[in-house]
Amino acid sequence: MLPRTPRQFLPLLLFVVGPVAGWLINGDRGLMFGFAVSVLAVIWYTLEHRRIV
């Protein structure tokens, strides 16, 4: 299911683009940072989807 509002696209964008952008910017360390950004995006999406925050 695709998000309906632009605000809901941001976690999806961070999840997909985070590791790629990190790898392109800073190699292996950037890739690890990108994966951390992806994990935070999943947590953010879950919190917003369940209306916890």
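Relevant structure appears above.
The following refers to the structure shown. (Residues numbered from 1 in each chain as written. Predicted model: local features only at pLDDT ≥ 70, side-chain atom pairs only at ≥ 80, totals over all residues. Heavy atoms only, no water.)

1. Observations regarding the environment of Gly18
Heads up, the rule is: The secondary structure listing takes helices from DSSP runs of H or I that are at least 4 residues long and strands from runs of E that are at least 2 residues long, numbered from the N terminus. Residue exposure (1.4 Å probe, protein chains only): buried if accessible area is under 20% of the type maximum, exposed if over 50%, otherwise partly exposed. Only heavy atoms matter for contacts: two residues are in contact if any of them lie within 4.5 Å across the pair.
When you line up the elements, Gly18 lands in helix H1 (residues 6-49). Overall, Gly18 belongs to the buried group, its relative accessible area being 14%. Considering only alpha carbons, one finds Gly18 and Val39, 21 residues apart in sequence, at a separation of 9.7 Å. Among all residues touching Gly18, those that are not within four sequence positions of it are Leu13, Gly34 and Val37.

2. Focus on the side chain of Ser38
Cut-off, in case you're wondering: Pairs of N or O atoms are called polar contacts if they sit within 3.5 Å, as long as, within protein, a hydrogen donor faces a hydrogen acceptor (for residues adjacent in sequence, only side-chain-to-side-chain pairs).
Counting through the fold element by element, Ser38 comes out in helix H1. The class of Ser38 is buried, set by a relative accessible area of 6%. Here the side chain of Ser38 touches Phe15 through a polar contact of 3.0 Å, landing on its backbone oxygen. Setting aside chain neighbours within four positions, we find Ser38 in contact with Leu14, Phe15 and Pro19.

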